[in-house]
Amino acid sequence: MDELNEEPRPARVMASADVDDRAEIGAGTTVWHLAQVREEARLGRNCVIGRGAYVGPGVRLGDNVKMQNYALAYEPATLGDGVFLGPAAVLTNDTYPRAVTPEGRLKTGEDWEAVGVVIRDGAAIGARAVCVAPVTVGRWALVAAGAVVVSDVPDFALVVGVPARRIGWVGRAGVRLVAKGDGRFVCPSTGAEYVESGGELTEA
């Protein structure tokens, strides 16, 4: 039988992982040692949740998502299909983080409103990068290792630094695109062509 037509294998959860009974784990997904998947989280098919990773309550993952070791996705983050979170990458959810109220009382869930990070299909977040909610990272964008994202990232953008800024474009292969002139770019890996207009990149 053709591999693409095979039925996906059942989900696999390591004994040391902590997966809430109310979480939904898609077929073919693997949750590795010491990872935690909270209540009402929904993981798509064929995802890989690395050792020590954290998926918060109600977080949504599409199909074929990879969360590397110790990556943290706090609620209400949403990750599209094919998203990559590098080791120790963090998606935050608190605009004004404090452990206590102004009166000194320990905060509870009722004392703040969680805001989420949205990662669109195919995007990749490098190791130890931080996305500070609320931000959206566009389709097939690439956030460099150690970057701190504080504003929305366009589709196919390559962003680096603190705060993250765009320094170029990448294609679906993740390779930096080469300019051909007249707003046109080509991927040196696949040969696919792209067009830039008005600060946005689209596939030709």
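Below is a summary of the structure that appears in this document. Only a predicted model underlies this, so the values are computations on that prediction, with no experimental measurement involved. (Residues numbered from 1 in each chain as written. Predicted model: local features only at pLDDT ≥ 70, side-chain atom pairs only at ≥ 80, totals over all residues. Heavy atoms only, no water.)

Most peptide bonds take the trans form, and the phi angle of most residues other than glycine is negative. Each neighbour pair has its own omega, and for A133 with P134 the value is 0°, a cis peptide bond. With an omega of -5°, the peptide bond between V162 and P163 qualifies as cis. By the secondary structure assignment, P163 is in the loop between β21 (157-160) and β22 (165-169). With a phi close to 65°, E40 is a non-glycine residue in the positive phi region. Position of E40 relative to the elements: it lies in the loop between β5 (36-37) and β6 (42-43). Notably, N64 is not glycine yet its phi reads approximately 60°, a positive angle. The topology assignment puts N64 in the loop between β9 (60-61) and β10 (66-67). (Helix = DSSP H or I, 4+ residues; strand = E, 2+ residues; numbered from the N terminus.)

Turning next to the sheet that holds strand β12 (residues 78-79). The strand order across the open sheet formed by 6 strands is β3-β6-β9-β12-β15-β18, and the pairing between neighbours is parallel. Of all the strands in the sheet, just β3 (24-25) and β18 (136-137) have a single pairing partner and so form its edges. Bridge count for strand β15 (residues 118-119) against β18 is 2 bridges, and the pairing is parallel. Directly across from V118, in β18, lies its bridge partner T136. (Pairing = 2+ DSSP bridges.)

Quick look at the side chain of N93 now. Inspection of the secondary structure puts N93 in the loop between β14 (90-91) and β15. If sequence neighbours within four positions are ignored, N93 has contacts with Y74, E75, W112, E113, A114, V115 and A133. (Contact = heavy atoms within 4.5 Å.)

Throughout the structure, instances matching the rule amount to 9 salt bridges. Notably, a salt bridge pairs R22 with D20, separated by 3.0 Å at the nearest N-O pair. A salt bridge links R105 to D111; the nearest nitrogen and oxygen atoms lie 3.0 Å apart. Look at R105 and you get partly exposed, because its relative accessible area is 43%. Since its relative accessible area comes to 28%, D111 is described here as partly exposed. (Salt bridge = Lys/Arg side-chain N within 4 Å of Asp/Glu carboxyl O. Buried < 20%, exposed > 50% of the residue type's maximum accessible area, 1.4 Å probe, protein only.)

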